[in-house]
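Observations on chain architecture
If you want the building blocks of each chain, they are given just below.
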Amino acid sequence: MTLSGLIPAGAPSPLADIAAAPATGLRVLGLDLSLTSTGVCLPDGSTARIKTRQRDGDRRIVQVRDFVRAAIAGERPHVAVIEDLPKHAMAAGLTAKVHGPVVCELLDAGVPYAYVVPATLKSYACDHGSADKSRMAAAAYLAAGVEFASDPGGDQCDAWWLRAAGLDHYGEPLFDLPQAQRDRLSKVAWPEVGAARGAER
């Protein structure tokens, strides 16, 4: 689903519109952060896209942060997996504006997080570090029969693959992949999640 970041004061949380079965096992939050179109994969596997308007300027940061804050409070993830900033990309500075407040929310909530660079995520999903959005979507369909509506930029798809990568690394893979692709995840600096899981027991 696509969620507008333009939510009137006092309106119900946009998370109320996401209907899916409760997550079991390790709860991983996938985040493909962007100032204009953020992809989110919640711990139950449902996805959303937070689309903002350019004319709202830096208020868009608040819109993304507020959604992530609500997701953390409602879903209580054990770990978040974030797509890292692209190196040498002109838009990296704009995307970095979103990363800071989101990471602050994760730190305040005690949620550990990992960064996955785009090439590693694409190699994990498609065995090709330069795979385009259509190839990533096709790989998700082949792996798990998943399709993403209203996802022109592939933001929800990327967030879904980020969650899948986290589950795979921590021993709860959603599906089988060739070992060579799974080995790509060894490049990621994965945090310990024992404390995050143990705190709720």
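The coordinates are above.
Below or above, wherever it landed, is the structure these notes cover.

Its place among the elements puts Gln156 in helix H5 (residues 155–169). Assessed through its relative accessible area of 1%, Gln156 is described here as buried. Within polar-contact distance, the side chain of Gln156 engages the side chain of Thr47 at 2.8 Å.

Our next topic: the nonpolar core. Counting 30 residues, the largest nonpolar core has Val116, Tyr124, Met136, Trp160, Trp161, Phe175 and Trp190 as its most contacted members. Contributing elements (two or more residues each) for this core: strand E5 (79–83), strand E6 (113–116), helix H3 (118–126), helix H4 (133–144) and H5. The dominant element in this core, judged by the number of residues it contributes, is H5, at eight residues. Other than its neighbours up to four places away in sequence, Trp161 contacts Leu121, Tyr124, Ala125, Met136, Ala139, Ala140, Ala143, Phe175 and Leu177. One finds Leu31, Leu33, Leu35 and Ala80 within the second-largest nonpolar core, a separate group that totals 21 residues.

Counted under the stated rule, the structure contains seven salt bridges. The residue Asp56 makes a salt bridge to Arg53 at a minimum N-O spacing of 3.2 Å. Of the charged contacts in the structure, one is a salt bridge between Asp66 and Arg65, with a shortest N-O distance of 2.7 Å. Exposure remark for Asp66: the relative accessible area of 34% places this residue in the partly exposed category.

For H4, which comprises 12 residues, the first-to-last C-alpha distance of 17 Å matches the rise-based estimate of 16 Å (1.5 Å per residue) to within 8%. Those residues of H4 not exposed but buried are Met136, Ala139 and Ala140. The buried residues of H4 occupy an angular sector of 100° when the element is viewed end-on, so they sit on one face. What points out from H4, more than 90 degrees from its buried face, is the exposed set Ser134 and Leu142. Structurally, H4 contributes buried residues whose contacts are with H3 and H5. Following H4 by one or two positions, Gly145 adopts a phi angle in the positive range, close to 70°.

Taking every second residue as pointing to the same face, the buried face of E6 carries Ala114 and Val116, while none of Tyr113 and Tyr115 on the other face is buried. Here four bridges tie E5 to E6, and the two strands are oriented parallel to one another. If you follow Val81 over to E6, its bridge partner there is Ala114.

Because the α-helix completes a turn every 3.6 residues, residues three or four places apart line up on one side. With 17 residues, helix H1 (residues 59–75) extends 24 Å between its outermost C-alpha atoms, agreeing within 8% with the 24 Å of an ideal straight helix rising 1.5 Å per residue. If you check which residues of H1 are buried, you get Arg60, Ile61, Gln63, Val64, Phe67, Val68, Ala71 and Ile72. Buried residues in H1, looked at end-on, bunch into an arc of 165°, giving them a common side. In H1, the exposed positions angled more than 90 degrees off the buried face are occupied by Arg59, Ala73 and Gly74. Two residues or fewer past H1, Arg76 is found with a positive phi of approximately 45°.

Rules of the game
- Positions within a chain are numbered from 1, following the residues in the order the chain's sequence is written.
- For this predicted model, a pLDDT threshold of at least 70 governs which residues receive local features, and a threshold of 80 or more governs which side-chain atom pairs are given and counted, while totals over whole chains, interfaces and linings are taken from all residues.
- Think of the side-chain values as coming from all heavy atoms in the structure, minus any hydrogens and water.
- A run of H or I in DSSP counts as a helix once it spans at least four residues, and a run of E counts as a strand once it spans at least two, with each numbered from the N terminus.
- Three exposure classes are used, based on accessible area relative to the maximum for each residue type with a 1.4 Å probe and protein chains only: buried under 20%, partly exposed in between, and exposed over 50%.
- Here a polar contact is taken to be a pair of N or O atoms separated by no more than 3.5 Å, where protein atoms must pair a possible hydrogen donor with a possible acceptor and residues adjacent in sequence count only if both atoms sit in side chains.
- The nonpolar core is taken to be a set of buried Ala, Val, Leu, Ile, Met, Phe, Trp, Tyr and Cys residues, with the residues joined through side-chain atoms within 4.5 Å.
- Two residues qualify as a contact provided that any one of their heavy atoms is within 4.5 Å of a heavy atom in the partner residue.
- Salt bridges are counted wherever a side-chain nitrogen of Lys or Arg sits within 4 Å of a carboxyl oxygen of Asp or Glu.
- Residue count minus one, scaled by 1.5 Å, sets the expected span of a helix.
- The arc in question is the one traced by the directions running from the helix axis out to the C-beta atoms.
- One bridge is not enough; two strands pair if DSSP finds at least two bridges between them.

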